[in-house]
Amino acid sequence: MFTSLIDKLEKEEILTQEEFSELIKNRTKEDEEYAAKKARSIADSIFANKIYLRGLIEFTNYCKNDCFYCGIRCSNKQADRYRLSLEEIMSCCENGYKLGFRTFVLQGGEDPWFTDALMIDIIKSIRAAYPDCAITLSIGEKSEESYRAYFAAGADRYLLRHETATDAHYRKLHPENLSLENRKNCLHTLKKIGFQTGCGFMVGSPFQTTDDIARDLLFIHELKPQMVGIGPFIPHAQTPFADKVAGTLQDTLFLLSLIRIMEKNVLLPATTALATIDANGREKGILSGANVVMPNLSPLGVRKKYTLYDGKVCTGDEAAECKMCLERRLKSIGYETVVSRGDYSYRDYS
Ligand code: SAM
C-alpha cells in the first residue's frame, strides 16, 4: 500500500520522480480507491457536485503536422478533410448558447488556411455575440505574436497538451521538425500572456514508461497550468501506430486522481477518449476527480471526419441529445452541469 505517498501529495508536498514511478508502477487496487476517494473529496469541496461544460467545435481537420499517433496527420491521405466557415462556427455557438454552454472550445489541426487574420475575425465575432462566454483555443504551436493577437481579440484560454515531458519519448511520437522544447516554450508563453492554459498527455502512448509519466506529473506541477487534459491513447488504423495497444482505463483514472490531489483547483476534463475505451468512462472519470466535460457542438456532418483515433463515441448525436445523455449520466452519479463559464479559481484550497 502506498497511502502515505498519496497523503504526502495531498499535503502539497511534491513527490520525487522515483516516488511517483514507484506509486504508479506498484499501486494496489486499494491505492486506486484511496486516491479516487481523496481526489473526489477535494473536487467536491471546490466545485460541489457541479460539472463544467465546454462546447467543442472541431472547425478544421486539415493539419500540417505529421504526429505518428494522430488520425488527422498530414500523411493520412484517406482522411476526408473539411473546414467550417465563420457562419458555421457561429451557428455552432448559437446552438450551444441556447443549450446552456458558456465556453466554446475551437479545436483543429494546425491549418495555415486559418491565418491569424481569419482567427482574429472568428474570435472577435464570438466575443461580440457572446460577451458572457469564455473562448478557448486549441490550435497548436504558434508564435508569441500570434498568441498575443488572439488574446487581444478576446480569447481567454488555450489548450496545448505537452504530449510527453521526456525528450527521448517526444522523439518517438513526432517527426523531426517538432520539438518538446518548442512545445514547452509555447506553454510558458501562453501563461505569460495571461491565457488560462492547459497542458496534458496521452496515457499509454506508445513507448511511454512509468518514469515518463512521473516526469509528466512533475512538469505539470512546475508549470502550474489552470487546466490539464489527459486521456488514453487509442490507435488509429491509418497511422504508423495502428498496431499499438491503447492506454487503459485503470491507468487514466489513477492519473486523474493524482493530478487532482496534486493540483487541487485544476480544471480537469473526463475526455471523449476515456468515454471511448469504456462505456461509463466519463462517469468513472468524474468519480476519480475530473470536473469538466466537453460535449461536441460540431455539425453532425463533420463529426466522423474529426477522427484522431478509432471508435470515437458520440459522433452520431445532435448536441442537444449529447447534452441530455450526459446530464442523465451525471445525475446517475449525483452530479449536474452548470450554466457558467467555469473559470479557474485561485481561491486557496483548504
Ligand atoms: N492541433 C492542436 C494541437 O496540436 O494541440 C489540437 C488538436 S490535437 C488533434 C488534440 C489532441 O488530440 C492532441 O494533443 C493529442 O494528445 C490528442 N490525440 C491525437 N491523437 C490521439 C490518439 N490516437 N489517441 C488519443 N488522443 C489523441
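Placed above this text is the structure.
Presented here is an overview of the structure given in this document. (Residues numbered from 1 in each chain as written. Predicted model: local features only at pLDDT ≥ 70, side-chain atom pairs only at ≥ 80, totals over all residues. Heavy atoms only, no water.)

This part is about the overall build of the protein. Looking only at helices and strands, the protein features 14 helices and 9 strands. Computed over the C-alpha atoms, the radius of gyration of the protein is 19 Å, within 12% of the 20 Å expected from 2.2 N^0.38 for a compact globule of 350 residues. A principal-axis box enclosing the C-alpha atoms of the protein has dimensions of 55 × 45 × 40 Å. By element, 52% of the accessible surface of the protein is carried by carbon and sulfur atoms, the whole surface being about 13900 Å². Put simply, the protein has 46 plus and 48 minus side-chain charges, and the middle of one group is 3 Å from the middle of the other. (Helix = DSSP H or I, 4+ residues; strand = E, 2+ residues; numbered from the N terminus. Rg over C-alpha atoms; globule rule 2.2 N^0.38 Å. Areas by Shrake-Rupley, 256 points an atom, 1.4 Å probe, with all protein chains shown as cover. Lys, Arg positive; Asp, Glu negative; His and termini not counted. Charge placed at Lys NZ, Arg CZ, Asp CG, Glu CD.)

What follows concerns the site of the ligand. Around the ligand there are 18 residues in total, and Y69, G108, R161, E163 and I234 lie nearest to it. Within the complex, 92% of the 560 Å² of free accessible area of the ligand lies under protein. The class makeup of the residues in the shell around the ligand is 10 nonpolar, 5 polar and 3 charged. (Near = heavy atom within 4 Å. Nonpolar A, V, L, I, M, F, W, Y, C, P; charged D, E, K, R; others polar.)

Here the focus is the sheet that holds strand β9 (residues 336-338). With parallel pairing, 3 strands are arranged side by side in an open sheet as β8-β1-β9. Of all strands in the sheet, those bounded by a partner on one side alone are β8 (292-293) and β9. Pairing analysis gives 3 bridges linking strand β1 (residues 50-53) to β9, with the strands arranged parallel. Of the residues in β9, the one forming a bridge with K50 is E336. (Pairing = 2+ DSSP bridges.)

The next thing to look at is the packing of helix α3 (residues 29-47) against helix α10 (residues 249-263). Geometrically, a packed helix pair is captured by the angle between its two axes and the distance between the axes. Following both chains from N to C, one finds α3 and α10 inclined at 45 degrees, their axes separated by 8 Å at the closest point. Taken together, the axis directions place α3 and α10 in an arrangement best described as oblique. As α3 runs across α10, the sense of the crossing is left-handed. Of the residues in α10, those in contact with K29, D31, E32, A35, A36, K38, A39, I42, A43 and F47 of α3 are Q250, F254, S257, R260 and I261. (Axes fitted to C-alpha atoms, helices over the stretch in contact; angles between N-to-C directions. Parallel < 35°, antiparallel > 145°, perpendicular 65-115°, else oblique. Left-handed = near helix turned anticlockwise from the far one by under 90°. Contact = heavy atoms within 4.5 Å.)

Our next topic: the pairing of strand β3 (residues 103-108). Burial analysis of β3 places 6 of its 6 residues in the buried class, which makes it a mostly covered element. The alternating pattern of β3 places T103, V105 and Q107 and F104, L106 and G108 on opposite faces, both of which are buried. Where strand β2 (residues 55-60) meets β3, 5 bridges bridge the pair, whose relative direction is parallel. Its bridge partner being in β3, T60 is matched across the sheet by G108. Between the parallel elements β2 and β3, the chain passes through helix α4 (residues 86-98) in a crossover that is right-handed. The parallel pair β3 and strand β4 (residues 134-138) is bridged by helix α5 (residues 116-129), and the resulting crossover is right-handed. (Buried < 20%, exposed > 50% of the residue type's maximum accessible area, 1.4 Å probe, protein only. Right-handed = clockwise from strand over helix to strand, strands pointing away.)

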